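Spelled out, the chains give:
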Amino acid sequence: MSRQRSARSAALGLTVRRVPPTIPGRGPGALRRRLVVGVLVLASLVLISVSFRSEQSGPLGGAQSAGATALRPFAIGFERVAQPFRDAYAWADSLLSARQEARDLRAEVRDLRQQSIQSAFALQENVYLRRLLGYLDGPRFPADFDPVAAEVIGRPAGAFTQAIVLAAGSDAGVRVNDAVVDADGLVGLVTRVTPDTARVQLLTDEEAAASAIDLRTGATGIVRHARGTRETLVLDRVRKQDVVRVANEIVTAGWRAGSLSSLYPKGIPIGRVTSVGQTDTDLFQQVQIDPYVDFGSLDAVLVLIPKDRPR
């Protein structure tokens, strides 16, 4: 098609002039636009400088006020649109803060709980040791014995075994057949000793026995384990003519004959009478005792060492 036009132009004797393509951005229009932008930027800088230096009551301040009034509806609309997003951000931030505070509070509660447990243990130990010290200084403690305090470190296994193991042995002066007490009363008797430990047969063991007396009436008998129970005691061999009443206190009888003496010293509390009964066919009274010692929760005890024993 272009060749036909060239042929026609040549036939008519016309000269065709080619126009070079125009490059955008290099014409007078682009130069004019750049000039306008530069003037506007310069005017903006001048207005900003004058605004900072002029007073609010000046003509420029009035123009600013008018502009602010004109733009106020747009600002209010933008504020209303942005408020839900701002509230959502604040809620999320407060939620994260609340979770962190909850974690901190839980950690603090755990620490306080542990401190409370430790304080309770310390208080119980303090009260228990004070009672032990009071027992040593009190009138119930036998004058002919010295105490060796020992921690309970174990209990031998066995369905019918009533015994404890102490963290004190022959190196501390403990010997077989030494009486063992705590702040409440009679615990038992040492039956086995090593240099560092000692095994104690509790008074609730089926093989244990202690001569005892009713502190009020003087009735005597033997304290033994009550059959069919674990920690109940009976005062056996009490004659029918002897008087034993409920709530009377039972203590060790004790005796001494020259160089011989009973295993348990005199006057150690054992328990309180809970029931007294008798039948025509029985030879002795049936006296049940509630022991003072809590045999299931022994933590520390005292081993009674005779003062006249050779060291």
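Going by the structure above, here's the rest.
Given the structure is predicted, the values throughout are model-derived calculations rather than measurements.

Draft legend 1. Layout of the overall build of the chain. Scanning the chain from terminus to terminus reveals 3 helices and 14 strands. For the chain, with 311 residues in total, the buried portion stands at 27%. Summarising the internal contacts of the chain: among those between residues at least 6 apart in sequence, 58% fall at separations of at least 24. A total of about 21600 Å² of accessible surface is found on the chain, and carbon and sulfur atoms cover 57% of it.

Draft legend 2. Representation of the pattern of salt bridges in the model. Counted by the stated rule, this structure contains 3 salt bridges. For the salt bridge of Arg309 with Asp178, the shortest nitrogen-to-oxygen distance reads 2.3 Å. Highlighted residues: Arg309 in the segment after strand E14 (300-306) and Asp178 in the loop between strand E2 (163-166) and strand E3 (179-181), separated in sequence by 131 residues. Of the two residues, Arg309 and Asp178, neither departs from the other in class, the shared state being buried. With its nearest N and O atoms 3.1 Å apart, the salt bridge here joins Arg239 to Asp242. Classification of Arg239 by relative accessible area gives partly exposed; the value is 45%.

Draft legend 3. Seen up close, the pairing of strand E8 (residues 233-239). As paired strands, strand E7 (residues 220-225) and E8 are joined by 4 bridges and run antiparallel to one another. The partner of Arg224 across the bridge, within E8, is Val234. Across 5 bridges, the pairing between E8 and strand E13 (residues 284-291) is antiparallel. What sits directly across from Leu235, in E13, is Val287.

Draft legend 4. Spotlight on the sheet that holds strand E12 (residues 269-277). Pairing is antiparallel around the closed barrel formed by 6 strands, whose spatial order is E6-E7-E8-E13-E12-E9. Looking at each pair of strands side by side, their axes are set apart by 40° on average, direction ignored. Sheet topology note: the E12/E13 ladder contains 6 bridges and is antiparallel. The partner of Gly271 across the bridge, within E13, is Pro291.

Draft legend 5. Local environment of the sheet that holds E3. Pairing is antiparallel in the closed barrel, where 6 strands are placed in the order E1-E2-E5-E4-E3-E14. Strand-to-strand, the axes of this sheet are offset by a mean angle of 45°, without reference to chain direction. Bridging between E2 and strand E5 (residues 198-202) involves 4 bridges; their strand directions are antiparallel. Bridge pairing links Val165 to Arg199 in E5.

Rules and cut-offs
- Residues numbered from 1 in each chain as written.
- Predicted model: local features only at pLDDT ≥ 70, side-chain atom pairs only at ≥ 80, totals over all residues.
- Heavy atoms only, no water.
- Helix = DSSP H or I, 4+ residues; strand = E, 2+ residues; numbered from the N terminus.
- Buried < 20%, exposed > 50% of the residue type's maximum accessible area, 1.4 Å probe, protein only.
- Contact = heavy atoms within 4.5 Å.
- Areas by Shrake-Rupley, 256 points an atom, 1.4 Å probe, with all protein chains shown as cover.
- Salt bridge = Lys/Arg side-chain N within 4 Å of Asp/Glu carboxyl O.
- Pairing = 2+ DSSP bridges.
- Axes fitted to C-alpha atoms, helices over the stretch in contact; angles between N-to-C directions.

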